[in-house]
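# Examining the three-dimensional arrangement
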Amino acid sequence: MPASLRWAKENGRTDLIPKITEKLKKEGIMIDPDKINVKRPKGIKGNIKEFFNRKI
């Protein structure tokens, strides 16, 4: 499975970010890597809160 932007940013793999964004651009997906939030809530309560507060 290819690396995601979130994974690359979380793990400090800044060398992969341009490669990933270029592949996404070829598919017509424009994402600004600087706007990716890598801070995730910890624990079950935080995960449930994040899941139900997602905008669809």
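Our structure's up above, just so we're on the same page.
One structure accompanies this document, and this report is about it. Source: prediction; values computed, not measured. (Residues numbered from 1 in each chain as written. Predicted model: local features only at pLDDT ≥ 70, side-chain atom pairs only at ≥ 80, totals over all residues. Heavy atoms only, no water.)

Looking now at the pattern of salt bridges. Evaluated as defined, the whole model comprises one salt bridge. For Arg13, the salt bridge goes to Asp15, with nearest N and O atoms at 3.0 Å. Accessibility expressed as a relative area gives 33% for Arg13, which makes it partly exposed. (Salt bridge = Lys/Arg side-chain N within 4 Å of Asp/Glu carboxyl O. Buried < 20%, exposed > 50% of the residue type's maximum accessible area, 1.4 Å probe, protein only.)

Looking now at the nonpolar core. Of all hydrophobic cores here, the largest spans six residues; its members are Leu5, Ala8, Leu16, Ile17, Ile20 and Ile36. Counting only elements with at least two residues in this core, the list comes to helix H1 (5-10) and helix H2 (17-26). Not counting residues up to four positions away in its chain, the partners in contact with Ile36 are Leu5, Arg6, Lys9 and Ile31. (Core = buried A, V, L, I, M, F, W, Y, C linked by side-chain atoms within 4.5 Å. Helix = DSSP H or I, 4+ residues; strand = E, 2+ residues; numbered from the N terminus. Contact = heavy atoms within 4.5 Å.)

Nonpolar side chains collect at one region of the surface, where Ile44, Ile48, Phe51 and Phe52 lie side by side and expose about 490 Å² of accessible area between them. Inspection of the secondary structure puts Ile44 in helix H3 (residues 43-52). (Patch = residues over 30% accessible without salt bridge, like charges linked within 9 Å, V, L, I, M, F, W, Y side chains within 5 Å. Areas by Shrake-Rupley, 256 points an atom, 1.4 Å probe, with all protein chains shown as cover.)

For the coordinates displayed, the defined rule picks out one aromatic pair. When the centroid spacing of 5.0 Å and the interplanar angle of 85° are considered together, the rings of Phe51 and Phe52 count as edge-to-face. Using a relative accessible area of 48% as the deciding quantity, one classes Phe51 as partly exposed. Residue class for Phe52 comes out exposed when judged on its relative accessible area of 64%. (Phe/Tyr/Trp six-rings, centres within 6.5 Å; stacked < 30°, edge-to-face > 60°.)

You can see Thr21 is positioned in helix H2. In this structure Thr21 comes out as buried when scored by relative accessible area, which is 13%. Those residues within four positions of Thr21 in sequence are excluded, and the remaining contacts are Leu5, Ile31 and Pro33.

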